[in-house]
Amino acid sequence: GEDVEQSLFLSVREGDSSVINCTYTDSSSTYLYWYKQEPGAGLQLLTYIFSNMDMKQDQRLTVLLNKKDKHLSLRIADTQTGDSAIYFCAESPGSGNTGKLIFGQGTTLQVKP
Amino acid sequence: DAMVIQNPRYQVTQFGKPVTLSCSQTLNHNVMYWYQQKSSQAPKLLFHYYDKDFNNEADTPDNFQSRRPNTSFCFLDIRSPGLGDAAMYLCATSRETALVGDEQFFGPGTRLTVL
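Residues numbered from 1 in each chain as written. Chains lettered and ligands numbered in written order. Predicted model: local features only at pLDDT ≥ 70, side-chain atom pairs only at ≥ 80, totals over all residues. Heavy atoms only, no water.

(A) Fine view of the overall build of chain B. When you go through chain B residue by residue, the secondary structure sums to zero helices and 11 strands. Counting helices and strands in the order they occur from the N terminus, chain B gives β-β-β-β-β-β-β-β-β-β-β. Relative to the globule expectation of 13 Å for 115 residues, the C-alpha radius of gyration of chain B, 13 Å, shows essentially globular dimensions. Its C-alpha atoms give chain B principal-axis dimensions of about 40 × 35 × 30 Å. Expressed as a percentage of its 115 residues, the buried residues of chain B come to 50%. Within chain B, contacts between residues separated by at least 24 positions form 56% of all contacts whose residues are at least 6 apart in sequence. In the structure as shown, chain B presents an accessible area of about 5,600 Å², 49% of it carried by carbon and sulfur atoms. One finds the centroid of the 10 positive side-chain charges in chain B at a distance of 8 Å from the centroid of its 11 negative side-chain charges. (Helix = DSSP H or I, 4+ residues; strand = E, 2+ residues; numbered from the N terminus. Rg over C-alpha atoms; globule rule 2.2 N^0.38 Å. Buried < 20%, exposed > 50% of the residue type's maximum accessible area, 1.4 Å probe, protein only. Contact = heavy atoms within 4.5 Å. Areas by Shrake-Rupley, 256 points an atom, 1.4 Å probe, with all protein chains shown as cover. Lys, Arg positive; Asp, Glu negative; His and termini not counted. Charge placed at Lys NZ, Arg CZ, Asp CG, Glu CD.)

Here you go:
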């Protein structure tokens, strides 16, 4: 089956690092994504990682992929109040897929000044 | 410079009264998607169009229909809305499908209330 799980809430202090975790079930997933949703806005792609990579870094963002454990994480360095949002992990299932994304339920990141 | 536009942002309808949600894009993308997102839940794909080819998800209720009259526009029709259909409806587009890692661009969503 296809399922993506995330913890629902994370609270950090401004300047600290945030780590948001995600687990998925489809081992044939080709791409894994992180989307951000700010209040009243649509989802915005932050970054994605191809399944044959272990790590991807993009400025303050680091994505780690453990394919064996089907675990994905997003680390935000030097977290700012503007990073407060809901973060969605998503997988692109590889088998029989017509191109859809399977999303987790989202992690609400609260950044305290 | 809005790229994926959804109208209206808020829609109120009555139980059983048909409603249509609208999405338009300025990106000239091949693929358009409709997702349903209930409170504190993951966005769930209802269906998508690749150009004119319609792809319905197996568990999308028959109550939900879609039309794509041209590249730019896609509509979500709910024939007889029930209380359980109250949700945020998200439209997204991509140049190609997620099979090749293409980014999906999302609109701001339409929040549907059913009275």
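(B) Focus on the layout of surface pockets. In this structure, the largest pocket encloses a volume near 450 Å³. Together, 23 residues line the largest pocket, and A:Gln37, A:Ile86, B:Gln37, B:Ser40 and B:Arg111 are the ones closest to its centre. Take the lining of the largest pocket: its biggest share by element is three residues, from strand 9 (residues 85-92) of chain A. Residues belonging to the lining of the largest pocket are distributed by class as follows: nine nonpolar, 10 polar and four charged. (1 Å grid on protein atoms, 1.4 Å probe; cavity = no way out; pocket = protein on both sides within 12 Å on 5 of 7 lines; lining within 4 Å. Points joined across faces, edges and corners; volume = space filled by probe spheres on them. Nonpolar A, V, L, I, M, F, W, Y, C, P; charged D, E, K, R; others polar.)

(C) Summary view of the pattern of salt bridges. For the coordinates displayed, the defined rule picks out five salt bridges over all chains. Where A:Asp69 meets A:Lys68, a salt bridge forms, and the shortest distance between an N and an O atom there is 3.6 Å. Judged by its relative accessible area of 47%, A:Asp69 falls in the partly exposed class. When its relative accessible area of 73% is taken as the criterion, A:Lys68 is described as exposed. B:Arg67 is paired through a salt bridge with B:Asp77; the nearest N and O atoms lie 2.7 Å apart. Taken together, the residues B:Arg67 in strand 7 (residues 64-67) and B:Asp77 in strand 8 (residues 73-78) connect sequence positions 10 residues apart. (Salt bridge = Lys/Arg side-chain N within 4 Å of Asp/Glu carboxyl O.)

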